[in-house]
Amino acid sequence: MADLTTTFIGIKSPNPFWLASAPPTDKEYNVRRAFEAGWGGVVWKTLGEAGPPIVNVNGPRYGAIWGADRRLLGLNNIELITDRPLEVNLEEITRVKKDYPDRAVVVSLMVPCEEGPWRDIVRKVEDTGADGVELNFGCPHGMAERGMGSAVGQVPEYIQMVTEWVKKYSDLPCIVKLTPNITNILYPAEAAMRGGADAVSLINTINSITSVNLDTFAPEPTIDGVGAHGGYCGPAVKPIALNMVAEIARNPATAGLPISGIGGVTTWRDAAEFIALGAGNVQVCTAAMTYGFKIVQEMISGLSQWMDEHGHESVESIVGRSVPKVKNWQDLNLNYVTKAVIDQSACIKCGRCFAACEDTSHQAITMSDDRVFEVDDAECVACNLCVNVCPVDNCITMKELGQGEVDPRTGQKVAPYANWTTHPNNPAAKAAE
Amino acid sequence: MPSDPFTPGMAAGRLSREDIAANFADLHPPLDHHAALVAADRCYFCHDAPCMDACPTTIDIPLFIRQIATGTPEAAAKTILSQNILGGMCARVCPTETLCEEVCVRETAEGKPVIIGQLQRYATDALMAKGAHPFRRDAETGRKVAVVGAGPAGLACAHRLALKGHAVTLFDARAKGGGLNEFGIAAYKAPGQFAQAELDWVLGIGGIKVNYGQRLGDGLTLAGLQKDHDAVFLGIGLAGVNRLEIEGAARDGVEDAVDWIARMRQSPDKTDIAVGRNVVVIGGGMTAVDAAVQAKLLGADNVTIAYRRDRAAMPASPFEQDLAASKGVRLLFNMAPKAITADGIVLARTEARNGKLVETGETVTLPADQVLKAIGQTLAGAPEGLTIEGGKIAVDAAGRTSIDGVWAGGDCALGGEDLTVTAVAEGRDAAEDIHKRLTA
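The rules we used
- Residues numbered from 1 in each chain as written.
- Chains lettered and ligands numbered in written order.
- Predicted model: local features only at pLDDT ≥ 70, side-chain atom pairs only at ≥ 80, totals over all residues.
- Helix = DSSP H or I, 4+ residues; strand = E, 2+ residues; numbered from the N terminus.
- Rg over C-alpha atoms; globule rule 2.2 N^0.38 Å.
- Buried ≥ 20, exposed ≤ 12 C-beta atoms within 10 Å, placed from the backbone.
- Contact = placed C-beta atoms within 7 Å.
- Pairing = 2+ DSSP bridges.
- Axes fitted to C-alpha atoms, helices over the stretch in contact; angles between N-to-C directions.
- Nonpolar A, V, L, I, M, F, W, Y, C, P; charged D, E, K, R; others polar.
- Domains from an automatic or database assignment.
- Parallel < 35°, antiparallel > 145°, perpendicular 65-115°, else oblique.
- Left-handed = near helix turned anticlockwise from the far one by under 90°.
- Core = buried A, V, L, I, M, F, W, Y, C linked by C-beta atoms within 7 Å.

*Asks:* It is not clear to me how the overall build of chain A should be interpreted in this structure. Could you clarify?
*Replies:* Regarding its fold elements, chain A presents 12 helices and 20 strands. Computed over the C-alpha atoms, the radius of gyration of chain A is 25 Å, within 12% of the 22 Å expected from 2.2 N^0.38 for a compact globule of 433 residues. Considered along the principal axes of its C-alpha atoms, chain A spans approximately 75 × 60 × 50 Å. In chain A, buried positions account for 45% of the 433 residues. Once local pairs closer than 6 in sequence are excluded, the contacts in chain A between residues at least 24 apart make up 70%.

Have a look at this one:
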């Protein structure tokens, strides 16, 4: 069986599935249940300064987006960092780590942007025996209004500064958790690297309003008739997270910087995709909050089976395998020509491909009186919309035209690789060699 | 001593009132909100959807299902009712398995169509529960139309004409309206007096005067109606039945299935409806299945449908056949009735030879305390002077009969299947043609 053990910035865990810093990791009770269920590690829910604990709202903390069968697709939260006393958390972390030495226990931290508080808190964490710290520069609600969380994560200089403090006062491996609520993820990632971070983790949640109650006109979740934006997570955010992970993995300045992938990981497949795009492990929250801790069993069995079937012996061996395949648009082969092909034996004649193409695209699908749908290669630009709207797996596929074949749309033979940088329509084109 | 399923001969109350009530509950219980959303989500919103074409009233099914999915079942109902004012009843009684659901692409894909009928009921129930009528009658035109027959065709015609502002007088031979919805279809398909509730709701449009207990040829004449009205629509159904010309056909316990069903439909709790211990239903259509299933639900010990042709030729759909079998009805094929005697019914085995049905010479005798004849209904009481073709009133595509100013639709008229939904379409379309004529 495939070896799922990982060593992420020196922290060993039996599998790459960690629980992210969030409600599921707020207490010893939950974390023990998680470890019993098989999770490889946890990032303990964010600790704040000593003193009076944080308070939370006493109305709804979550809002959701559902599919038709109330399948939870996206979750929004306005919960703050831990609202339990610092000492209680530290004692629990100490006990749990002692009882589960083979699991990763990383502690998430968020204190005011001053050197003293960061010095004090990392020293306290060191005493617990925890394996590392994660700096929460991502929470987009509540704490950000107090100059913490994403308020720090949106200013690369602050990220670098705080990371430097943490590295100055502690030898613990340090992960910097990034907010996606910025225009370019590379700036905060590079700042973390400059500050000496051992790794980045991303994405934290996305600013969001899940819905508006059309009876009261209040945003959801609603607290006493009004609402505040929360942080969005769950399956809906995965594509955004994958892109940000890939951007960091392929950026020359940050290439090789370890990444803990977060954002909508719900199945083993999601995890494998994050790992292929450069994540050394993944962190999970919404899936556990939706289905309970047992889901890790499917993640473990699924990843193992896939690795066995494809001869991948270790998680390490698949990290970043997709990174070389992520390119800029200008590098794409403009001479790669495909055409949609409809498998008539699989077609159920719903006509969605026709409606999509006829109404919104290139009028490249014809419909006969007896509902036979066919592609007109002379019009098909291979946009793939028909594939995407077809309800039947593999009914419509894209077939590549070989070099030298004539594209009926352009009347031109398919030529060898060439991209925009050398295209005659590009005013900035370099002369073809 | 109360009777039970084994009481010999004919007997009422073979089951308790509670058991009969349970047996006659909704065949398909209504969808709740969540189930409706899940079912609606399965619709692919097909382009130029096949289900619409398969619906005799051409309801925009993908649109109404999307309206359900987005939380507006009342808008969905309006989509349905604008094409089919009896959409509530059709949702219950349509053989959807041979209409919209048969051609659903989900049926093609996975053998499980979107449950269009049940979704239609969900939508129409939601609107009717609010008691509102979604359409407003146009200003009065001053034109008068007589509609004869308050069944599905007549109601659809009357409603559409009233909507257009015409003054409609609706006649029916029976003491109440509804036609087969009220007297014919199986009770478990429309429990809770739905036919009457829907009738009252349809009449809520206004402009329709009802005259029950008036039969054509019995004080009511076509000439008289024409004289007093600008147009006449005939939706008189098939009031006659085919005769069973065998020995013993007049014995006690032998009855036309439609008469027995009509009596049963009018009985509030059905504990007073006599049913045999051994029941044999002759025929192979929906009426045969309805009679057999309901006999079983009333507590008959043995119920058999004897159909003279083979299963493939049976007019009742596979769904109806399975329903009958699931209730414990035995289906016998290639069995033609020969005689009814004191011992029961004698059935002759048949087979097809060169496309002709012939008797093999073998006979079987089944015990039969009750024989229900369901061998087809016929046109009866059609006014003189109308062209009759194939036993039905000849009409053109717009429902016009051979007499100018007289339209016909529903089971009495030529063309289309004898279904509630077809009758609604014909009544509606005739109304549109009448309106065109009256406003030309």
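*Asks:* Mind showing me how you'd approach the sheet that holds strand 10 (residues 199-202) of chain A here?
*Replies:* Hydrogen bonding along the main chain pairs the strands of a sheet, whether they run parallel or antiparallel. All names here are of chain A. On the basis of which strands lie adjacent, the closed barrel formed by 8 strands has the order 3-4-7-8-9-10-15-16 and parallel pairing. Neighbour to neighbour, the strand axes of the sheet diverge by 25° on average, direction disregarded. Direction of pairing for strand 9 (residues 174-177) relative to strand 10: parallel, over a ladder of 3 bridges. Within strand 10, the position partnered with Lys177 by the bridge is Ser201.

*Asks:* I keep staring at the interface of chain A and chain B and nothing clicks. Help me out?
*Replies:* Note on interface size: it is often stated as the accessible area lost on association of the parts. The interface is formed by 11 residues belonging to chain A together with 12 residues belonging to chain B. Class assignment for the residues of the side of chain A that touches chain B results in 7 nonpolar, 1 polar and 3 charged.

*Asks:* Mind showing me how you'd approach the pairing of strand 14 (residues 335-341) of chain B here?
*Replies:* On a regular strand, one side chain projects to one face of the sheet and the next to the other, so that they alternate. Residue and element names in this part refer to chain B. Pairing of strand 14 with strand 15 (residues 344-353), which is carried by 6 bridges, proceeds in the antiparallel orientation. When the bridges of strand 15 are listed, Pro337 appears paired with Leu347. Hairpin geometry of strand 14 and strand 15 is characterised by an intervening segment of 2 residues between the two adjacent antiparallel strands.

*Asks:* Just to check I follow, could you spell out helix 11 (residues 352-360) of chain A for this structure?
*Replies:* Every buried residue of helix 11 of chain A is accounted for by A:Arg352, A:Cys353, A:Phe354 and A:Cys357. Against strand 18 (365-367), strand 19 (373-375), helix 12 (385-389) and strand 20 (396-400) of chain A lie the buried residues of helix 11 of chain A.

*Asks:* Teacher, can you tell me more about the environment of B:Leu203 here?
*Replies:* Looking at where B:Leu203 falls in the secondary structure, it is placed in helix 12 (residues 194-203). In this structure, the C-alpha to C-alpha distance between B:Leu203 and B:Ala336, residues 133 residues apart in sequence, is 44 Å.

*Asks:* Would you take a moment to explain the sheet that holds strand 21 (residues 406-408) of chain B for this structure?
*Replies:* Residues and elements named next belong to chain B. The strand order 4-3-2-7-21 describes an open sheet built from 5 strands, whose pairing is parallel. Each having just a single partner strand, strand 4 (208-212) and strand 21 make up the two edges of the open sheet. Recorded for the sheet is a direction-independent mean angle of 20° between the axes of neighbouring strands. Direction of pairing for strand 2 (residues 144-148) relative to strand 3 (residues 167-172): parallel, over a ladder of 5 bridges. Bridge pairing in strand 3 places Val148 opposite Phe171. Each of strand 2, strand 7 (231-234) and strand 21 is contacted by helix 17 (residues 420-439), which is oriented at about 170° to strand 7, the strand it contacts most.

*Asks:* Which parts of the structure should I look at to understand the domain arrangement of chain B?
*Replies:* Residue and element names in this part refer to chain B. Domain boundaries in chain B define domain 1 (10-18 + 241-377), domain 2 (42-129) and domain 3 (144-239 + 379-439). The C-alpha centroid of domain 3 is placed 30 Å from the C-alpha centroid of domain 1. Top element by residues in the side of domain 1 that touches domain 3 is helix 14 (residues 257-266). It accounts for 5 residues.

*Asks:* Mind showing me how you'd approach the packing of helix 2 (residues 33-41) of chain B against helix 4 (residues 61-69) of chain B here?
*Replies:* If you want to describe how two helices pack, look at the angle between their axes and the distance between the axes. Residues and elements named next belong to chain B. Running from amino to carboxyl end, helix 2 crosses helix 4 at an angle of 135°, the nearest separation of the two axes being 9 Å. It follows that helix 2 is oblique to helix 4 by the angle criterion. Crossing of helix 2 against helix 4: the hand is left-handed. Within the contact between the two elements, helix 2 uses Ala36, Leu37, Ala40 and Asp41 and helix 4 uses Ile65, Ile68 and Ala69. Taken together, the residues that form the contact of helix 2 with helix 4 break down as 6 nonpolar, no polar and 1 charged.

*Asks:* Even after reading the chapter, I still don't get the packing of helix 5 (residues 73-83) of chain B against helix 9 (residues 116-129) of chain B, so can you show me in this structure?
*Replies:* Residues and elements named next belong to chain B. Between helix 5 and helix 9, whose axes approach to 8 Å, the crossing angle comes to 105°. It follows from the interaxial angle that helix 5 and helix 9 lie roughly perpendicular. Contacts between helix 5 and helix 9 pair Pro73, Glu74, Ala76, Ala77, Ile80 and Leu81 from the former with Gln120, Tyr122, Ala123, Thr124, Ala126 and Leu127 from the latter. Of the residues in the contact of helix 5 with helix 9, the class split is 9 nonpolar, 2 polar and 1 charged.

*Asks:* Hey, could you run me through the pairing of strand 16 (residues 356-366) of chain B in this one?
*Replies:* Residue and element names in this part refer to chain B. Where strand 15 and strand 16 come together, 8 bridges link them in antiparallel fashion. Looking at the pairing, Arg353 lines up with Lys356 of strand 16. Linking strand 15 back to strand 16 in an antiparallel pair, the connection comprises 2 residues, with Asn354 at a positive phi of about 50°.

*Asks:* Explain the environment of B:Arg66 to me, please; I cannot follow it from the model alone.
*Replies:* Relative to the helices and strands, B:Arg66 is located in helix 4. Among the residues examined, B:Arg66 registers 18 C-beta atoms within 10 Å and is labelled partly exposed.

*Asks:* Any chance you could explain the nonpolar core here in plain terms?
*Replies:* For soluble globular proteins, nonpolar side chains are generally found buried alongside one another. Among the nonpolar cores identified, the biggest contains 156 residues, and B:Ile68, B:Leu119, B:Phe233, B:Val281, B:Ala291 and B:Ala292 are the most heavily contacted of them. Contact partners of B:Leu119, with chain neighbours within four places excluded, come to B:Ala36, B:Ala39, B:Ala40, B:Ile65 and B:Ile68. Counting 97 residues, the second-largest nonpolar core is a separate cluster that includes A:Leu90, A:Ile159, A:Ala249 and A:Ile300.

*Asks:* Sorry, what's going on with helix 4 of chain B here?
*Replies:* Residue pairs three or four apart in sequence face the same way in an α-helix, which turns once every 3.6 residues. Residue and element names in this part refer to chain B. Across the 9 residues of helix 4, 7 count as buried, placing the element largely inside the fold. Buried within helix 4 are the following residues: Ile61, Pro62, Phe64, Ile65, Gln67, Ile68 and Ala69. Where helix 4 is buried, its residues meet helix 2, helix 3 (50-54), helix 5, helix 7 (100-103) and helix 9. Positive backbone phi, approximately 80°, marks Gly71, located one or two places after helix 4.

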